[in-house]
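# Results of the structural survey
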Amino acid sequence: MKNYAFCPVSPKSVNERVARLNGAFTTLIIVLFILTLNIYLMAFLAIDFLLRAIDRPGLSPLAITSRGVAKAFSFSPQMINAGPKLFAVRIGLLFSVAIILLILSGAVQAIYILAGLLGVFSFLEAAFGICVACKIYPFVYRWVY
């Protein structure tokens, strides 16, 4: 069986173009964070990821902005399964909370490593539609189950 068969499946669907815009905005915020190490930027991302992780994208500032940009530029919707994106958002939440804890502990090198990884993952989603969380899910699934 191929690895992608284990990707989380959801009865819901999301607009791939909006998800990629979310990735672009996330990448921009992470770049700003890396340049400034401003904890409020990471707290904003953590809250935004949390809102999307609990399936409340209507309250997420990045999701609202992304939907607005998609509508303003008349991007045609490209609906895909929401499961992989939900898993990715939860990984983003985990990373952003870990980064906040690292900021509070003063572990600067670890902050840069995790923020860099999160930035690369977000960039891959935004630029190429590559969901890294969906790619690693089969390994997590095998490890847990």
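Anyway, here's the lowdown on the structure attached to this text. Source: prediction; values computed, not measured. (Residues numbered from 1 in each chain as written. Predicted model: local features only at pLDDT ≥ 70, side-chain atom pairs only at ≥ 80, totals over all residues. Heavy atoms only, no water.)

Mapped onto the secondary structure, Lys-85 falls in helix H4 (residues 83–105). Those residues within four positions of Lys-85 in sequence are excluded, and the remaining contacts are Val-14, Glu-16, Ala-19, Ile-80, Glu-125 and Cys-131. (Helix = DSSP H or I, 4+ residues; strand = E, 2+ residues; numbered from the N terminus. Contact = heavy atoms within 4.5 Å.)

On to the packing of aromatic side chains, then. Per the stated rule, a full pass over the model turns up three aromatic pairs. Ring centres of Phe-73 and Phe-75 lie 5.9 Å apart, and the angle between their planes is 20°; on these two criteria the pair is classed as stacked. The exposure class of Phe-75 is partly exposed, given its relative accessible area of 38%. On the numbers, 6.0 Å between centres and 85° between planes, the contact of Phe-123 with Phe-128 is edge-to-face. (Phe/Tyr/Trp six-rings, centres within 6.5 Å; stacked < 30°, edge-to-face > 60°. Buried < 20%, exposed > 50% of the residue type's maximum accessible area, 1.4 Å probe, protein only.)

With that settled, consider a nonpolar patch on the surface. A surface patch of nonpolar side chains, about 810 Å² in accessible area, is lined by Ile-136, Phe-139, Val-140, Tyr-141, Trp-143, Val-144 and Tyr-145. Relative to the elements of secondary structure, Ile-136 occurs in helix H6 (residues 132–144). Residue class for Ile-136 comes out partly exposed when judged on its relative accessible area of 34%. (Patch = residues over 30% accessible without salt bridge, like charges linked within 9 Å, V, L, I, M, F, W, Y side chains within 5 Å. Areas by Shrake-Rupley, 256 points an atom, 1.4 Å probe, with all protein chains shown as cover. Salt bridge = Lys/Arg side-chain N within 4 Å of Asp/Glu carboxyl O.)

Moving on to unusual backbone geometry. Phi at Leu-37 takes a positive value of approximately 55°, unusual for a residue other than glycine. With relative accessibility at 27%, the residue Leu-37 sits in the partly exposed group. In the Ramachandran plot, Ser-74 falls in the positive-phi region, its phi being about 55° despite a non-glycine side chain. Looking at the secondary structure, you find Ser-74 in the loop between helix H3 (61–72) and strand E2 (79–81). Classification of Ser-74 by relative accessible area gives exposed; the value is 62%.

Turning to the environment of Lys-85, a few remarks are in order. Owing to a relative accessible area of 13%, Lys-85 belongs among the buried residues under this scheme. The spacing of Lys-85 and Phe-73 is 12 residues in sequence and 22 Å in space, taken between C-alpha atoms. Polar side-chain contacts of Lys-85 include one of 2.9 Å to the side chain of Glu-125. (Polar contact = N/O pair within 3.5 Å; in protein donor to acceptor, adjacent residues only side chain to side chain.)

Remember that the coordinates give geometry; whether it matters functionally is a separate question.
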